[in-house]
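So you can see what is in the structure, the chains are spelled out below.
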Amino acid sequence: MNSASELRRSIETCRLYHSIYEEHFQWFKARIDDALDGCSPRIEGLIGPSRAGKSMVLDALEQAYPPSRVNGVRTVPVLKVKLPPAISPKLFPAELLKALKVPIPARVRTSGELLGRVREQFQLAGTRVLLLDEASHFVEPGSRVPPRAAADMVKALSDDANLSIIASGIPHLQRLFQSNEQLRLRATVRRDFVPYDFAEPEHRKDFAQCVRTYAELFAEHGWPIAVEFPALVKHCYFHCGGLIGVLSAFMRELSIRKRDEQPRPLTLEDCKVAADRTEGTGHPLHRPFSSELVSLAELNQAYGHVLETYDMPSLRKR
């Protein structure tokens, strides 16, 4: 494997366990431990922009509680399911059975029968926690389940299977809870996976550490990023608006070098080319890496555009 290939593999396999991610991971891990210890089931929500890191949290939670076999019986204490678009009353329980690796009955007439099958299988597998990724598909225009009915399914599943449910999605997932007072009053206050705010010193420090982690990997493989580090941090933030998933996508694109290319410092122009090939926050004024300087106003625009796109309130102190 040549240097360019080694660099790309190193960047693509890098996982950033940054502070906002860690905060949510530890919170939900504690709630899962409570459920496995026999505490009452809970319904929780994790809400944030696309590419903030929500799925990474759920993936890590699933990996922390892997399936096992006890006396030949497969146990799945924590089950993760990624909901597809255009969810329907039958598709939802079918996806749960698929995730459990249980055959879907051929002669099932109603979604209620399928949900009954799900409850039985959860009991057999010892499943106490369900991680619902992309749960906002329940309330998107293509969904074939009215929001109130979808909320009823989630609530009934939690009640009947004694199941804690952690649902993640983009901010309009709130509609699932708002559409049904019974689910809303059963659930805890949703947790917001916010983008990093460059105006907040601790956020700025944490974001810079994420950039540094990537920059050090480039340097280790002989491809140092030849941009002053403070400027690199600002340009990266300007591109991603504080979303670590977008930062990671940019770094992966920057790591794609020609196979016969010899290791060398990567310039501001190299970074600009990579940014142009990567979807950023989409702000019409965004031109990261076009010049050496990035103003505070431009950084605020990047952050504000992410909040506006996902209809999220600013958490800045007034």
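Residues numbered from 1 in each chain as written. Predicted model: local features only at pLDDT ≥ 70, side-chain atom pairs only at ≥ 80, totals over all residues. Heavy atoms only, no water.

Quick look at the side chain of Gln121 now. Here Gln121 lies in helix H5 (residues 111-125). Judged by relative accessible area, Gln121 falls into the buried class, the value being 14%. In this structure Gln121 touches Leu97, Leu100 and Val102, once residues within four positions along its chain are discounted. (Helix = DSSP H or I, 4+ residues; strand = E, 2+ residues; numbered from the N terminus. Buried < 20%, exposed > 50% of the residue type's maximum accessible area, 1.4 Å probe, protein only. Contact = heavy atoms within 4.5 Å.)

Moving on, we come to the layout of surface pockets. Of the pockets and cavities examined, the largest pocket occupies roughly 640 Å³. For the largest pocket, the lining is made up of 28 residues, of which Arg51, Gly53, Ser55, Met56 and Gly245 are closest to its centre. Contributing elements (two or more residues each) for the lining of the largest pocket: helix H1 (3-12), helix H3 (54-64) and helix H11 (244-254). In terms of residue count, the dominant contributor to the lining of the largest pocket is H3 (six residues). Across the lining of the largest pocket, the residue classes tally to eleven nonpolar, eight polar and nine charged. Size it by volume and the second largest pocket reaches roughly 240 Å³. Pro171, His172, Gln174, Tyr310 and Asp311 are the residues nearest the centre of the second largest pocket, which is lined by 13 residues in total. Grouping the constituent residues of the lining of the second largest pocket by class yields six nonpolar, four polar and three charged. (1 Å grid on protein atoms, 1.4 Å probe; cavity = no way out; pocket = protein on both sides within 12 Å on 5 of 7 lines; lining within 4 Å. Points joined across faces, edges and corners; volume = space filled by probe spheres on them. Nonpolar A, V, L, I, M, F, W, Y, C, P; charged D, E, K, R; others polar.)

Phe207, Phe218, Cys236, Leu247, Phe250 and Met251 are the most contacted members of the largest nonpolar core, which has 64 residues in total. For this core, the element with the most residues is helix H9 (residues 201-220), which contributes eight residues. Those residues in contact with Leu247 that lie beyond four places of it in its chain are Phe207, Cys210, Val211, Tyr214, Cys236 and Cys240. Counting 38 residues, the second-largest nonpolar core is a separate cluster that includes Leu79, Ile87, Phe138 and Ala150. (Core = buried A, V, L, I, M, F, W, Y, C linked by side-chain atoms within 4.5 Å.)

So, on to the sheet that holds strand E7 (residues 191-192). If you trace the five strands from one edge of the open sheet to the other, you get E4-E5-E6-E1-E7, paired in parallel fashion. Lying at the two open borders of the sheet, with one neighbouring strand each, are strand E4 (78-82) and E7. Contacts between H3 and the sheet are confined to strand E1 (43-47), E4, strand E5 (129-133) and strand E6 (164-169), with E5 contributing the most and set at about 155 degrees to the helix. (Pairing = 2+ DSSP bridges. Axes fitted to C-alpha atoms, helices over the stretch in contact; angles between N-to-C directions.)

For the pair helix H4 (residues 91-99) and H5, the least separation of the axes is 9 Å and the interaxial angle reads 25 degrees. Considering the angle they form, H4 stands roughly parallel to H5. Crossing of H4 over H5 shows left-handed handedness. When H4 is examined against H5, the residues Pro93, Ala94, Leu96 and Leu97 are found in contact with a partner set consisting of Ser111, Leu114, Leu115, Arg117, Val118, Gln121 and Phe122. The residue makeup of the contact of H4 with H5, split by class, is eight nonpolar, two polar and one charged. (Parallel < 35°, antiparallel > 145°, perpendicular 65-115°, else oblique. Left-handed = near helix turned anticlockwise from the far one by under 90°.)

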